[in-house]
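Analysis of the macromolecular model
The residues making up each chain are set out below.
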Amino acid sequence: MGERFARVVVDSRLPQLDRLFEYRVPPGLEGVEPGVRVRVPLRGDRMTAGYVVEVADARAWEGEVADIEKLVSPVPVLRPEVWALARAVADRAAGGAADVLRVAIPGRQARVEKAWLESRAGDAAPPPPPPPLPEVLETAAVLPGLVEARRRIALECAGGVAAVETAEGTAWIGRWAIALAALARQALERGEQAILVVPDHREQRQLRLALEAVVGVERVVELDARQKNPERYRGFLRCIDDEPVAIIGPRSAVYAPAARLGLLAVWEDGDPLLAEPLSPWVHARDAALVRQGQSGCALVIAGHARSTDAERLVELGHLEHERLGAQRVRVLPAALADDGRRVPASAFAAARDALTSRPVLVQVGRPGHAPGLRCADCGARGRCTACGGPLGQRSRGAAPACRLCGRLAAGWRCPSCDGQRLVPVGRGSSRIAEELGRAFPGVPVVVADGAHERLTVDARPRIVVATRGAEPVADGGYGAVVLLDGDALLAHEGLRVAEEAVRQWAAARALAAEGATVVLAGVVGPAAAALTGDTTVPFAKAELAERRQLRFPPAVRTASVVGTPDAVAEALEALEGSEHLDVLGPVAVASDDRARPGDEVQRAIVRFAYGDGPRVAGIVRARVLTAASRPRRPGAPARLRIRLDDPEPFDGL
DNA sequence: AGCACGCCGACT
DNA sequence: GTCGGCGTGCTC
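Because the structure is a prediction, the values reported are computed rather than measured.

Thoughts on the overall build of chain A
- Each helix and strand counted, chain A has 17 helices and 31 strands in total.
- What you see for chain A is a C-alpha radius of gyration of 27 Å, in line with the 26 Å of a compact globule of 653 residues.
- Seen along its three principal axes, the alpha-carbon backbone of chain A occupies a region of about 85 × 70 × 50 Å.
- Sequence separation of at least 24 residues holds for 73% of the intrachain contacts in chain A that already meet a minimum separation of 6.
- Carbon and sulfur atoms form 52% of the exposed surface of chain A, whose accessible area is close to 29000 Å².
- The distance from the centre of the 85 positive side-chain charges to the centre of the 83 negative ones in chain A is 4 Å.

Here you go:
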């Protein structure tokens, strides 16, 4: 056999290195196949990690070719489909493929890998056939034939909880999880895999329990970021085994190495947690859309509330609208009590009724005792003397402390009147809990927030005060749900404020038992109407129509262009001449880190049509490339940074 | 990123 | 004559 050559993607953030490099496979080096990890020399004898993408008998590069330095591992961790996905996703986001791979492929764990290789080594004994699927009758009724027909749907799930039987006993979970598990089962029945992406471990737990009941525990692979590294890597390697399994995990699971993908589902696609916080900041929904286009699998974009993004795809005809279940609760908008407290009278009545037999959920906006403090004498807002952040109180009688930097405000003196006493502004979870405890003597009160995580509560009557997104699942569902602080939530300026409020309310409403009362306090208007109605789709439609009018996302795509004035100007010039493109700015922005005089930083926002995406991404990527190769001061930020579909500039609109 | 290559000012 | 400034380009 003649010489072999490998094309390698190197693990580097530099846009200049975002392409394949060709290396010779040195004679005698076994195991160099597509997908394996290698170490290769790049520029002299400096070594870089990389993945083999292709192997060929002939060289394509005319220049000098170096040898692969070493095979790091023979496990093909980068499957061809995932490489194609990473490349396409990076191109769409004007970023580097290696950055996507860093999210897609977990770090190697040598011990785990060794065990996996040994378990595979005995080719003589083929792996036992996967265990039969458990008999679960009612799941066949959930959108039958969806996977086989390769349908693409936007799914609005009505709420409700249900009990499932697992190895550890009975567990109560959201009905949505059973629906998704039933759809995953369709893929598994065909010998295919399913990837189910969830925002965080709370939803992942429910989905895991649903899958244990619907497809069996042996067929579930978890890719949880909270797992320890070895455990995570073990799950990742199980995906490569190519067995029909359901793969569940956070946003990075959308890149799982599944070769025979029957179904790709994204749950709660409106949740901001599904946006990757690393370059190139790809949202799992967008990655899922790209992957579906490449693999042709069935696609489910689902949530308790329809996102404007999903609704856009429905109106475009790319997704079909579907709905599961029916709203079996009563939502009552209620005015705030006029005694200055936040809990409306109707909420007290609903809670009193429900507490005879069931727990009651109270959703609040902020954790702690008092989210704010003010001077008892002049009313001035209490601010941190060190950083200017707002002062708050974690619990009753606790020392006032800065909510931003955590510094204790001991010996605080009002800067305007020299007063020394601070009084609380607003009510956090623990203060609401105290007040409700007094109002319902003898009823236990529990708090669930970021600091006190609580995933479940049993069916006994009690009051559960939870911050948004931290609500426990109650056995049998809550007898009443009270949604507080909606007025403060909607008072924020921001493009997605109302949409996000509806999403969070709908998620809490979904935890109610059948026939329960949901009280929405102090909110009127379209967002309230979205929750009292049977479906959130009209609300999403109206929101989307308004954004179309204003040319705001997701009606358009955006690129935020940040950098030195000359680099920004050059980038904007390169983009000129598109019909459906407009530019906001540039404006001067606070130059971040070690700014020096003359280091002016500007920002412009470019809005463009989805159809122009490839062209715009290509142009801005080329501008980043030229800007990167120009000299700059050591330690200074890049001359030009471009981020596509950055929600941040619109947060304040 | 880092590092070599390359073409203009003040030095032994 | 040469040493060295850092603008420009490249990494298989």
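What follows continues from the structure just given.
Some thoughts on the pairing of strand S14 (residues 298-303)
- Of all six residues making up S14, six are buried, and the element is well covered by its neighbours.
- Inspection of the sheet shows strand S7 (residues 152-157) paired to S14 by five bridges, in the parallel sense. Across the sheet, the residue bridging to Ile 153 is Val 300, located in S14.
- In terms of strand pairing, strand S13 (residues 261-267) meets S14 through five bridges, oriented parallel. Each residue of the ladder has a partner; that of Ala 265, found in S14, is Val 300.

Here we look at the UniProt feature "binding site: Zn(2+) 1" (unreviewed entry) in chain A
- Within this structure's numbering, the places UniProt gives as "binding site: Zn(2+) 1" (unreviewed entry) are Cys 375, Cys 378, Cys 414 and Cys 417. Taken along the chain, the residues just named run across 43 residues; in space they keep tight, none of their C-alpha pairs more than 8.7 Å apart.
- Those residues within four positions of Cys 375 in sequence are excluded, and the remaining contacts are Ala 380, Trp 412, Cys 414, Cys 417, Gly 419, Arg 421 and Leu 422.
- Structurally, Cys 378 can be placed in the loop between strand S18 (372-375) and strand S19 (391-392).
- By relative accessible area, which is 40% here, Cys 378 ends up partly exposed.
- Setting aside anything within four residues of it in sequence, one finds Cys 378 in contact with Cys 414, Ser 416 and Cys 417.

Some words on the protein's contact with DNA strand B
- Neighbouring residues of DNA strand B: Leu 14, Gln 16, Arg 43, Arg 46 and Arg 632.
- Take Arg 43: an N or O atom from its side chain is 2.7 Å from a base nitrogen of DNA strand B.

Details of the nonpolar core
- Leu 78, Ile 247 and Tyr 255 are the most contacted members of the largest nonpolar core, which totals 55 residues.
- Ranked by residues supplied to this core, first place goes to helix H1 (residues 80-92) with six residues.
- Mapping this core onto the domain boundaries places at least three of its residues in each of domain 1 (1-74) and domain 2 (135-324).
- Look past the residues within four positions of Leu 78 in its chain and what remains in contact with it is Val 9, Pro 34, Gly 35, Tyr 51, Val 53, Trp 83, Leu 101 and Ile 105.
- With 42 residues, the next largest nonpolar core counts Val 147, Val 220, Ala 298 and Val 300 among its residues.

Observations regarding helix H14 (residues 537-550)
- Over its 14 residues, H14 runs 20 Å from end to end, which matches the ideal 20 Å to within 8%, given 1.5 Å per residue.
- Among all positions in H14, only Val 537, Phe 539, Ala 540, Glu 543, Leu 544 and Arg 547 are buried. Seen along its axis, H14 keeps its buried residues to an arc of 155°; they face one direction.
- The inward-facing, buried residues of H14 abut S7, helix H8 (308-315), strand S15 (320-324), helix H12 (497-509) and helix H13 (526-532).
- Downstream of H14 by a residue or two, Arg 551 has a phi angle that is positive, lying close to 55°.

Quick notes on the packing of helix H3 (residues 110-121) against helix H6 (residues 229-240)
- Where H3 contacts H6, the two axes come as close as 9 Å, and the packing angle between them is 30°. Taken together, the axes of H3 and H6 lie roughly parallel to each other. The handedness of the crossing between H3 and H6 is right-handed. Residues Val 112, Glu 113, Trp 116 and Arg 120 of H3 pack against Pro 230, Tyr 233, Arg 234, Leu 237, Arg 238 and Ile 240 of H6.
- Considered class by class, the residues forming the contact of H3 with H6 number six nonpolar, no polar and four charged.

Observations concerning the side chain of Arg 79
- You can see Arg 79 is positioned in the loop between strand S6 (70-73) and H1.
- Only 3.4 Å separates the side chain of Arg 79 from the backbone oxygen of Ile 240, close enough to count as a polar contact.
- With near-sequence residues (within four places) excluded, Arg 79 lies in contact with Cys 239, Ile 240, Asp 242, Pro 257, Ala 258 and Ala 259.

Quick look at the protein's contact with DNA strand C
- Not every one of the 16 residues close to DNA strand C is listed here, only the nearest: Glu 22, Arg 43, Trp 61, Glu 64 and Ala 66.
- The sugar-phosphate share of atoms of DNA strand C within 4 Å of the protein amounts to 41%.
- Between DNA strand C and Pro 41, the relevant distance is 3.2 Å, taken from a phosphate oxygen to a main-chain nitrogen or oxygen of the residue.
- Element by element, the count of residues in the surface near DNA strand C is highest for strand S2 (residues 20-25), at three residues.
- Among the residues forming the surface near DNA strand C, the class breakdown is nine nonpolar, three polar and four charged.

Digging into the domain arrangement of chain A
- Here the domain parsing of chain A yields domain 1 (1-74), domain 2 (135-324), domain 3 (330-371 + 426-547) and domain 4 (557-650).
- Domain 2 and domain 4 are separated by 35 Å when their C-alpha centres are compared.

A look at the state of the cysteines
- Considering all chains together, one arrives at zero disulfides under this definition.
- We note that Cys 239 lacks a disulfide partner, and the nearest cysteine sulfur, in Cys 297, lies 14 Å from it.
- Accessibility expressed as a relative area gives 0% for Cys 239, which makes it buried.

Points about unusual backbone geometry
- Backbone torsion omega between Ser 279 and Pro 280 reads 0°, so that peptide bond is classified as cis.
- Tracing the chain through its elements places Pro 280 in the loop between S13 and helix H7 (284-295).
- The omega angle of the peptide bond from Pro 553 to Pro 554 is 5°, so this bond is cis rather than trans.
- The residue Pro 554 is located in the loop between H14 and strand S28 (557-563) in this model.
- Backbone geometry places Arg 551, a non-glycine residue, at a positive phi of 55°.
- Within the secondary structure, Arg 551 sits in the loop between H14 and S28.

So, how was this worked out
Residues numbered from 1 in each chain as written. Chains lettered and ligands numbered in written order. Predicted model: local features only at pLDDT ≥ 70, side-chain atom pairs only at ≥ 80, totals over all residues. Heavy atoms only, no water. Helix = DSSP H or I, 4+ residues; strand = E, 2+ residues; numbered from the N terminus. Rg over C-alpha atoms; globule rule 2.2 N^0.38 Å. Contact = heavy atoms within 4.5 Å. Areas by Shrake-Rupley, 256 points an atom, 1.4 Å probe, with all protein chains shown as cover. Lys, Arg positive; Asp, Glu negative; His and termini not counted. Charge placed at Lys NZ, Arg CZ, Asp CG, Glu CD. Buried < 20%, exposed > 50% of the residue type's maximum accessible area, 1.4 Å probe, protein only. Pairing = 2+ DSSP bridges. UniProt positions renumbered as here; feature names shortened; annotations may be inferred. Near = heavy atom within 4 Å. Polar contact = N/O pair within 3.5 Å; in protein donor to acceptor, adjacent residues only side chain to side chain. Core = buried A, V, L, I, M, F, W, Y, C linked by side-chain atoms within 4.5 Å. Domains from an automatic or database assignment. Expected span 1.5 Å × (residues − 1). Arc of directions from axis to C-beta. Axes fitted to C-alpha atoms, helices over the stretch in contact; angles between N-to-C directions. Parallel < 35°, antiparallel > 145°, perpendicular 65-115°, else oblique. Left-handed = near helix turned anticlockwise from the far one by under 90°. Nonpolar A, V, L, I, M, F, W, Y, C, P; charged D, E, K, R; others polar. Disulfide = S-S within 2.5 Å.

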